[in-house]
Amino acid sequence: MACTLEQARKWIEEAERIVVLTGAGISAESGVPTFRGTGGLWRQYRPEELATPEAFARDPKLVWEWYLWRRSIIAKAAPNPGHLALVRLEARKPEFLLITQNVDGLHERAGSRRLVKLHGDIWEVRCVQCGRQERDERLELPELPPRCSCGGSLRPAVVWFGEDLPENAWNEAVRAVHSAQLLLVVGTSAVVYPAASLIPMARTSGARIIEVNLEETPYSPAVDCALRGRAGELLPQLIP
Ligand code: BJW
Ligand code: ZN
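Computed from a predicted structure; not experimentally measured.

The rules behind each value
Residues numbered from 1 in each chain as written. Chains lettered and ligands numbered in written order. Predicted model: local features only at pLDDT ≥ 70, side-chain atom pairs only at ≥ 80, totals over all residues. Heavy atoms only, no water. Near = heavy atom within 4 Å. Polar contact = N/O pair within 3.5 Å; in protein donor to acceptor, adjacent residues only side chain to side chain. Areas by Shrake-Rupley, 256 points an atom, 1.4 Å probe, with all protein chains shown as cover. Helix = DSSP H or I, 4+ residues; strand = E, 2+ residues; numbered from the N terminus. Nonpolar A, V, L, I, M, F, W, Y, C, P; charged D, E, K, R; others polar. Donors = N, O, S within 2.8 Å, 3.2 Å for Na, K, Ca; no water. Tetrahedral: all angles 85-135°; square planar, octahedral: opposite > 155°, others 65-115°. Buried < 20%, exposed > 50% of the residue type's maximum accessible area, 1.4 Å probe, protein only.

**Q** Break down the site of ligand 1 for me, with residues and values.
**A** In the neighbourhood of ligand 1, 35 residues make up the surrounding shell, with Tyr 67, Arg 70, Thr 188, Ser 189 and Asn 213 lying closest. Backbone polar atom of Phe 35 to an oxygen atom of ligand 1: 2.8 Å apart, as the coordinates give it. Between a nitrogen atom of ligand 1 and a main-chain N or O atom of Val 159, the distance comes to 2.9 Å. Relative to its free-state accessible area of 1,500 Å², ligand 1 is covered by the protein chains to the extent of 77%. Listed by contribution, the elements that provide at least two residues to the shell around ligand 1 are helix H2 (25–28) and helix H5 (60–76). The element contributing the most residues to the shell around ligand 1 is H5, with 3 residues. Looking at side-chain class alone, the shell around ligand 1 contains 17 nonpolar, 11 polar and 7 charged residues.

**Q** So, the coordination of the zinc ion (ligand 2): which residues are in play, and what are the values?
**A** The coordination sphere of the zinc ion (ligand 2) contains the protein donors Cys 127 (SG), Cys 130 (SG), Cys 148 (SG) and Cys 150 (SG), at a distance range of 2.3 to 2.4 Å. Considering all 4 donor atoms around the zinc ion (ligand 2), the spread of angles at the metal, 101 to 118°, places the coordination shape in the tetrahedral class. Spacing between the donor residues of the zinc ion (ligand 2) along their common chain follows C-x2-C-x17-C-x1-C. Its relative accessible area of 3% is what places Cys 127 among the buried residues.

Now the structure itself:
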């Protein structure tokens, strides 16, 4: 449903329990490419071909090259006014949770603290053999794939297609959505599950839903307010 910015601002102001769900679109204005749509391709590959455990097993060097390319872009990027507006919102609301599908760390760098990351973190690695996970902010690696001290290959500690989401993060997200009065959905194509299912879940438990996106998504017709535009421009107006 279309609605005015004024109406959406009022709903945000009134709600005490707010959940925000973000996707790659919120980081687009920081210069980080989204997955789908224009600029979503790397060389000739689609994310669905690289973000899988099968792709890593087949060609770990290729998958690591993609992640190192993304790391190099993210390292140069800075949080934008959209990220900063969500930090302000967190400070104003007694109950607040920011749920992100992004792995870029820009929400943390902006100052968001009540945050759950559904798809992991591009700045962490995990050993495929012993499971050890650690922070790794290198932009160049001596060998691809890098090795754990146990000899196993290290992979990015992110969630690929066919893999389960981190259980604690997912449970916390579901709990928050169930008690939310308002869900603000920002910059996600809402086609990747189970993250996208948080939107109908909020609807079922009676929350109002506001969507901020450049384009229409599968859930646009079902939300209370669909605002078309850039997150970095609309969020500062919604959360002045
Ligand atoms: C702007 C803007 C601006 C631009 N301002 N807006 C139910 C139905 C169908 C399929 C499934 C299902 N349940 C599970 C599945 C399978 C699968 C799935 O969803 N497939 C579909 C794609 C068909 N899901 C999974 O496999 C998940 N695991 C799972 O379900 O486990 C259980 C299980 C186990 C075993 C077998 C089966 C099930 C895991 C999903 C993991 C997703 N991983 C990735 C990669 C993460 C690591 C990395 O970053 O490399 O996560 S894929 C990629 O997509 C990434 C993102 O987080 C995710 C979502 O993308 P997002 O953020 O929405 O970005 P875009 O690019 O799609 O959209 C950007 C949007 O911004 C657009 O709308 C623009 O218009 C907008 N925009 N600029 C505002 N300035
Ligand atoms: Zn190991």
